[in-house]
Amino acid sequence: MRRQLSNRWLLAAVVLLVLLGACGGGDLDGDLDGEVELVPEGEDFFAILCFPAADGLLRCEPRAIPAAGSVEETAATIVQALIDGPGTAPVGGDPLDDEIFPVLPPSVRLQAFDLVNGVAYVDLTVARTGSALGFERPAMGLRDELLAVYSLVNSLTASNLGIERVVLMWNGEQRLTFAGHVDTSRPLLPDLDRNAEPAADL
C-alpha cells in the first residue's frame, strides 16, 4: 500500500511538471523568458529615434533600421543612428525639421553595448584623432546634456526591445554625471515629458 501511494505521488509530480512545461511556465523561479522577437536579420526594424530640437524638447519619429542578429546588436544600431544624426527623412517621407540636431558631438563613438535583465549598458567613448589628446567626455551645457541623455534613454526604451532602463557609461566606467551635470550614477528610466509628442502618438 505504501509503495502504491508513493507511485501515485511520483505520477502526480510528473504530470504537474509536464503541464507546467506545456503552459510555458518559465523556469523554476517562475521567471518568464524575456526574449524579444525581432524581424528577420537584414529586414527593416522600426525603431523610435528621439532627436534634440531647438525648442529644448525631443522630436521622436519612427525610423527603419536594418535588424541585426540579436536584440543587443539592433539596440546598438539605434544608438549609432542617434550619434550619426537625423540625416534622412523619417518613415512617411516628410522632410526633417531643420532644427533637429545630432544627439552627441561627431567625436563620440559607441564603444560597447550590453543588455542584462531589461537594463541597457551603453558605453561611449571620444575618438582621439591626430595628435590631439582628446577628452574623456565631451564638454556640454546642462540643456544639451539633458537632451543627449534622454534622447538615448527615451529612444532605447520606446523601441520595443525589452529595454526598461539605461546605464550610460564613458570608457567602460559608469560616472557620477554624464558630462558634468546630469546624474548617471544609477540606471535611468525614460522621461516622456521631454518628448515634444505625447507618448500615445508613438
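Residues numbered from 1 in each chain as written. Predicted model: local features only at pLDDT ≥ 70, side-chain atom pairs only at ≥ 80, totals over all residues. Heavy atoms only, no water.

Undergrad: Pulling in residues and values, what's your account of the packing of aromatic side chains?
TA: In this structure the tally under the stated criterion is one aromatic pair. Judged by centre distance (5.2 Å) and plane angle (45°), the ring pair of tryptophan 170 and phenylalanine 178 falls under tilted. According to the relative accessible area criterion, tryptophan 170 is buried, its value standing at 1%. Under the relative-accessibility criterion, phenylalanine 178 is labelled buried at 1%. (Phe/Tyr/Trp six-rings, centres within 6.5 Å; stacked < 30°, edge-to-face > 60°. Buried < 20%, exposed > 50% of the residue type's maximum accessible area, 1.4 Å probe, protein only.)

Undergrad: Outline the state of the cysteines, listing residues and values.
TA: In total, this model carries one disulfide according to the counting rule given. The disulfide partner of cysteine 50 is cysteine 60, and the gap between their sulfur atoms is 2.2 Å. The S-S bond linking cysteine 50 to cysteine 60 shows a torsion near 110°; that makes this disulfide right-handed. Remark: cysteine 60 occurs in strand 2 (residues 58–66) and cysteine 50 occurs in strand 1 (residues 44–52); sequence separation between them is ten residues. A single burial state applies to cysteine 50 and to cysteine 60, both of which are buried. (Disulfide = S-S within 2.5 Å. Helix = DSSP H or I, 4+ residues; strand = E, 2+ residues; numbered from the N terminus.)

Undergrad: An account of the packing of helix 2 (residues 71–84) against helix 3 (residues 142–158) is requested, with residue identities and associated values reported.
TA: Look at helix 2 against helix 3: their axes get within 10 Å of each other, and the N-to-C directions meet at 145°. Every pair of crossing elements has a handedness; the one defined by helix 2 and helix 3 is right-handed. Between helix 2 and helix 3, the contacting residues are Ala75, Ile78, Val79 and Leu82 on the first element and Ser151, Leu152, Ser155 and Leu156 on the second. (Axes fitted to C-alpha atoms, helices over the stretch in contact; angles between N-to-C directions. Left-handed = near helix turned anticlockwise from the far one by under 90°. Contact = heavy atoms within 4.5 Å.)

Undergrad: Can you break down the environment of alanine 127 residue by residue, with the values?
TA: Looking at the element boundaries, alanine 127 is found in the loop between strand 4 (119–126) and helix 3. Alanine 127 sits 21 residues away from proline 106 along the chain, and the two C-alpha atoms are 8.9 Å apart. In contact with alanine 127, other than residues within four places in its own chain, are Ser107 and Arg109.

Undergrad: Before we move on, could you go through the side chain of aspartate 123 and cite the residues and values that matter?
TA: Summarising the element assignment, aspartate 123 is placed in strand 4. Within the buried set, aspartate 123 has no salt-bridge partner at all; the shortest N-O distance to an opposite charge, 7.8 Å, is to arginine 175. Aspartate 123 has contacts with Arg109, Leu110, Gln111, Ala112, Met169, Trp170, Asn171 and Gly172, leaving out every residue within four places of it along the chain. (Lys, Arg positive; Asp, Glu negative; His and termini not counted. Salt bridge = Lys/Arg side-chain N within 4 Å of Asp/Glu carboxyl O.)

Undergrad: Which residues make up the confidence of the model for the chain, and what values go with them?
TA: Averaged over every residue, the pLDDT of the chain is 75; residues scoring 70 or more account for 65%. The secondary structure element of the chain with the lowest average pLDDT is helix 1 (residues 2–22), at 41, and the one with the highest is strand 5 (residues 165–170), at 95. Within the model, the stretch residues 1–35 combines pLDDT values under 50 with four contacts to residues more than four positions away or in other chains. Contacts for the low-pLDDT stretch residues 89–93, under 50 throughout, to residues beyond four places or in other chains number eleven contacts. (pLDDT = per-residue confidence, 0-100.)

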